[in-house]
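Topology and contacts: notes
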Amino acid sequence: MTIKLMMFGRRSPGQTLAEHRHHMKDVHGRIVLDYIAADPQNAPRKYAQNHGLDAVFAADGAAPAALRLGLDFVTQLWFEDIGSVKASRETPFYNERLRPDEPRFVDNANVVGQPFSEERVREPASAAADLKLFVVRPAGAAAVDLVDRIASSDVVYSGYCRNMAVTPGPIAVVDEFWTHEEAEAARLLHHCRQALETGETEGGRSAAYLIAREYRLFAGR
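A brief report on the enclosed structure follows. Because the structure is predicted, anything quoted here is derived from the model rather than measured. (Residues numbered from 1 in each chain as written. Predicted model: local features only at pLDDT ≥ 70, side-chain atom pairs only at ≥ 80, totals over all residues. Heavy atoms only, no water.)

Topic: the overall build of the protein chain
When its secondary structure is counted, the protein chain shows 6 helices and 8 strands. The globule rule puts the C-alpha radius of gyration for 221 residues at 17 Å, and the 17 Å found for the protein chain is close to it. Here the protein chain, with 221 residues, has 49% of them falling under the buried criterion. When contacts within the protein chain are restricted to residue pairs at least 6 apart in sequence, long-range pairs at least 24 apart make up 82% of them. Just so you have it, the protein chain exposes about 10,100 Å², and 51% of that area is on carbon and sulfur atoms. Averaging the positions of the 26 positive and the 30 negative side-chain charges in the protein chain gives two centres separated by 2 Å. (Helix = DSSP H or I, 4+ residues; strand = E, 2+ residues; numbered from the N terminus. Rg over C-alpha atoms; globule rule 2.2 N^0.38 Å. Buried < 20%, exposed > 50% of the residue type's maximum accessible area, 1.4 Å probe, protein only. Contact = heavy atoms within 4.5 Å. Areas by Shrake-Rupley, 256 points an atom, 1.4 Å probe, with all protein chains shown as cover. Lys, Arg positive; Asp, Glu negative; His and termini not counted. Charge placed at Lys NZ, Arg CZ, Asp CG, Glu CD.)

Okay, here's the thing in structure tokens:
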């Protein structure tokens, strides 16, 4: 089973969003691509960055800190299996080049990384689609089919992927929608919030939402 490692976090303290985005994409992203070229056996099979444009913080105090403080980014890396995820983070390249660079653009005290299995329910209508809405639901929230919940609304989206946690951790499921424009993503976010907050017992207020622009830095091999 292919594993999708997802990292949810905020920019390094004292950094502007512009500084964070530049370093993440043009500096750290370049190092990851060097890793893929130098050690394809251990490096990620695919690599994408999602830079936050707008967000809603989780309102439930029981949610992980990264969700309560608000997300600035979601990084996605694909591997063959769980063993490959672990091996990738134990190589000399990772420990000498990548790990030391992370605090330069990430608040390491408030970042969550977890492996997921992804179900590509609907592929984006266009390969150029790069706007996304992430709905990040923590462990303990009810298993709600969000797509079914919003089916009767007037929202439009281009593609949808459901990501389910494969190991115990603070996040249970991540709904990932592709949209064509920010206004469309904002309407979708509104309807998703309504759908999850219809019952207090479902933990809808513990979810976090991020509208982001996707950069597919390595499309795979």
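That covers the picture; the talk isn't over yet.
Observations regarding the state of the cysteines
Evaluated as defined, the whole model comprises 0 disulfides. For the unlinked cysteine Cys 161, the closest cysteine sulfur is that of Cys 192, found at 14 Å. Cys 161 sits in the buried class, given a relative accessible area of 0%. By relative accessible area, Cys 192 is classed as buried at 0%. (Disulfide = S-S within 2.5 Å.)

Quick notes on helix 6 (residues 182-196)
The end-to-end C-alpha distance of helix 6 is 21 Å, a good match for the 21 Å that 15 residues give at a rise of 1.5 Å each. When helix 6 is considered as a whole, its buried residues turn out to be Glu 184, Ala 185, Leu 188, Leu 189, His 191, Cys 192, Ala 195 and Leu 196. The elements touched by buried residues of helix 6 are strand 2 (46-56), strand 5 (131-138), helix 5 (146-149), strand 7 (171-179) and strand 8 (208-218). (Expected span 1.5 Å × (residues − 1).)

Describing the pattern of salt bridges
Within this structure, the stated rule accounts for 19 salt bridges. The shortest N-O distance in the salt bridge between Glu 176 and Lys 4 comes to 2.9 Å. A residue pair is termed long-range when its members are at least 10 positions apart, and Glu 176 in strand 7 and Lys 4 in strand 1 (residues 3-9) qualify at 172 residues. Put simply, Lys 132 and Glu 176 hold a salt bridge, and the shortest N to O gap is 2.5 Å. Here the residue Lys 132 occupies a position in strand 5, and Glu 176 occupies one in strand 7, the gap between them amounting to 44 residues. (Salt bridge = Lys/Arg side-chain N within 4 Å of Asp/Glu carboxyl O.)

Notes on the sheet that holds strand 3 (residues 73-79)
Taken together, the 8 strands give a closed barrel; going around it, the order is 1-3-2-8-5-7-6-4, and neighbouring strands pair in antiparallel fashion. Put simply, the sheet's adjacent strands are angled 30 degrees from each other on average, direction ignored. In this structure, strand 1 lies alongside strand 3, joined through 7 bridges in antiparallel fashion. Opposite Leu 5, over in strand 3, you have Leu 77 as the bridge partner. Lying over the sheet, helix 1 (residues 17-38) contacts strand 2, strand 3 and strand 8, oriented at roughly 165 degrees with respect to strand 2. This element, helix 6, spans strand 2, strand 5, strand 7 and strand 8 of the sheet and lies at about 20 degrees to strand 5. (Pairing = 2+ DSSP bridges. Axes fitted to C-alpha atoms, helices over the stretch in contact; angles between N-to-C directions.)

Focus: the side chain of Ser 206
The topology assignment puts Ser 206 in the loop between helix 6 and strand 8. Ignoring any residue separated from it by four or fewer positions in sequence, one finds Ser 206 in contact with Ala 58, Asp 60, Ala 63, Leu 67, Val 136 and Pro 138.

Concerning the packing of aromatic side chains
As enumerated under the stated definition, the model contains 4 aromatic pairs in all. Both rings, one in Tyr 35 and one in Phe 93, keep their centres 4.9 Å apart while their planes meet at 10 degrees; by these two values the pair is stacked. You can see Tyr 35 sitting in helix 1 and its partner Phe 93 sitting in helix 4 (residues 92-98), a full 58 residues away along the chain. With 4.8 Å between their ring centres and 40 degrees between their planes, Tyr 160 and Phe 177 make a pair best called tilted. Taken together, the positions of Tyr 160 in strand 6 (residues 159-165) and Phe 177 in strand 7 put the pair 17 residues apart, joining distant regions of the chain. Classification of Phe 177 as buried rests on a relative accessible area of 0%. Against the face of Trp 78 rests Lys 46, its NZ or CZ located 4.4 Å from the ring centre. (Phe/Tyr/Trp six-rings, centres within 6.5 Å; stacked < 30°, edge-to-face > 60°. Lys NZ or Arg CZ within 6 Å of the ring centre and 35° of its normal.)

Brief notes about the environment of Arg 137
As for its position among the elements, Arg 137 is in strand 5. Excluding residues that lie within four positions of it along the chain, Arg 137 makes contacts with Ala 142, Val 144, Leu 146, Ile 171, Ala 172, Val 173, Asp 175, Leu 196 and Ala 207.

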